[in-house]
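Residues per chain, in single letters:
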Number of protein chains: 2
Amino acid sequence: MTPGSTRLVIDVPAWIGEAAAPGQSFDDDQAKMALVIRLAEENLARGAGGPFGAAVFEIGSGRVVAAGVNRVVQGSNCVLHAEIVALMFAQQRVGSFTLRSPGRPAHELVTSCEPCAMCLGATLWSGVRRLVIGAEREDAMAVGFEEGPVFAESYAYIAERGVETVRGVRRAEAARLLRAYRDAGGLVYNP
Amino acid sequence: MTPGSTRLVIDVPAWIGEAAAPGQSFDDDQAKMALVIRLAEENLARGAGGPFGAAVFEIGSGRVVAAGVNRVVQGSNCVLHAEIVALMFAQQRVGSFTLRSPGRPAHELVTSCEPCAMCLGATLWSGVRRLVIGAEREDAMAVGFEEGPVFAESYAYIAERGVETVRGVRRAEAARLLRAYRDAGGLVYNP
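Residues numbered from 1 in each chain as written. Chains lettered and ligands numbered in written order. Predicted model: local features only at pLDDT ≥ 70, side-chain atom pairs only at ≥ 80, totals over all residues.

Caption draft 1: Quick peek at the environment of P105 of chain B. All names here are of chain B. Within the secondary structure, P105 sits in the loop between α3 (82-94) and β4 (107-113). Residues P105 and E58, spaced 47 residues apart in sequence, show a C-alpha to C-alpha distance of 6.1 Å. Beyond its immediate stretch of four places on either side in the chain, P105 contacts E58, I59, G60 and S61. (Helix = DSSP H or I, 4+ residues; strand = E, 2+ residues; numbered from the N terminus. Contact = placed C-beta atoms within 7 Å.)

Caption draft 2: Main features of the sheet that holds strand β2 (residues 53-58) of chain B. Residues and elements named next belong to chain B. Here five strands make up an open sheet; going across it, the order is β3-β2-β4-β5-β6 and the pairing mixed. Each edge of the sheet is formed by a strand with only one pairing partner; in this case those strands are β3 (64-69) and β6 (164-166). Each neighbouring strand pair of the sheet contributes to a mean axis angle of 15 degrees, computed without reference to strand direction. One ladder, built from five bridges, connects β4 with strand β5 (residues 130-135); its direction is parallel. When the sheet's bridge partners are listed, L109 is paired in β5 with L131. Lying on the sheet, α3 is in contact with β2, β3 and β4; it crosses β3 at an angle near 145 degrees. (Pairing = 2+ DSSP bridges. Axes fitted to C-alpha atoms, helices over the stretch in contact; angles between N-to-C directions.)

Caption draft 3: Representation of the packing of helix α4 (residues 117-126) of chain A against helix α4 (residues 117-126) of chain B within the structure. One can describe the packing of α4 of chain A onto α4 of chain B by two numbers: an axis separation of 7 Å at closest approach and a directional angle of 155 degrees. Taken as axis vectors, α4 of chain A and α4 of chain B run roughly antiparallel relative to one another. Seen from above, α4 of chain A lies across α4 of chain B with left-handed handedness. Contacts between α4 of chain A and α4 of chain B involve A117, M118, L120, G121, A122 and W125 of chain A on the former and, on the latter, A117, M118, L120, G121, A122 and W125 of chain B. In terms of residue class, the contact of α4 of chain A with α4 of chain B is built from ten nonpolar, two polar and no charged. (Parallel < 35°, antiparallel > 145°, perpendicular 65-115°, else oblique. Left-handed = near helix turned anticlockwise from the far one by under 90°. Nonpolar A, V, L, I, M, F, W, Y, C, P; charged D, E, K, R; others polar.)

Caption draft 4: Representation of the interface of chain B and chain A in the model. Each side of the interface is counted separately: chain B has 59 residues, and chain A has 59 residues. For the side of chain B that touches chain A, the secondary structure elements donating two or more residues are β1 (7-11), α1 (14-19), β3, α3, α4 and α6 (152-160) of chain B. Top contributing element to the side of chain B that touches chain A by residue count: α4 of chain B, with eight residues. Along the lines of polarity and charge, the residues of the side of chain B that touches chain A split into 35 nonpolar, 19 polar and five charged. Across five bridges, strand β1 (residues 7-11) of chain A lies against β1 of chain B in antiparallel orientation. Each residue of the ladder has a partner; that of I10 of chain A, found in β1 of chain B, is L8 of chain B.

Read these as geometric descriptors, not functional statements.
See below:
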């Protein structure tokens, strides 16, 4: 019997590494959200994946640590939502499974669309202290995307464990992008 | 500004590829659960990660498609729970972001411990039709592991979308392994 593969490689397009060069700094939630929406737009325009973008920043300095876009279809990997990609690359960069370490900067996750159940779970495990959301669950579902089992109690649960959620940052702009994807005939998987 | 990294490599130990050589076939839930508990034990014994194992099987033939173990600490990656690793490698193997395709075999995920919020979300996105659970959430939490925002409604949600959940397969054995990990002084992250 041939042994199974023991290596899996996740590549993101080079333009993501450039658009969000680590160390580049962003003033406020508006500017950070503008970046992740731009990544989502670029992803859509280049046919590189679904219309979702996310990035991890240091709280305080506003420096970007890593960014992500949706790579589900292109990567043959249902886990590669923008938030997961951003979190995994951020942890690779800091060299730890947690972004919450004594004596190190605190971190936040900024996402163009409300996290699905998987990504909300990962947000809690990642150690970020803030979650900043553009488009809402209902905006994504209106276009046909599934968000999974997320409830009001889910947000209460993560709040009790030290993750603050901020909503509605550039929501109209982020939601418009989801509609543009649908109108362009983009694939809505897991409908 | 130096561009960010655009590649992330996930390696699992060679013995996983051997223990769960693709194509090897397992008779029933008991046999499949015995395999994933063995993977979890091996992971613990070798210091390769947390005491969790999972695998994706074809329903019907019982053939294993891919297996996973917890690699969070060793991989500096909070996403690498056993279930996520198994699902990602299974999708790499079938070459698709979904394990639910017309004309292809249906799949199931067997896990030594009840999935956390992240893994339950991924289970839904993965396209598996069955979820088979060993140890329960309360067994994991009794040892100090966090499971995240999962509620009774979460299981109703995935059931409505075609994922059947089976519980209590070799539960005592799976729970004993969690306690052995704690008693050996194993790191319980995100406590």
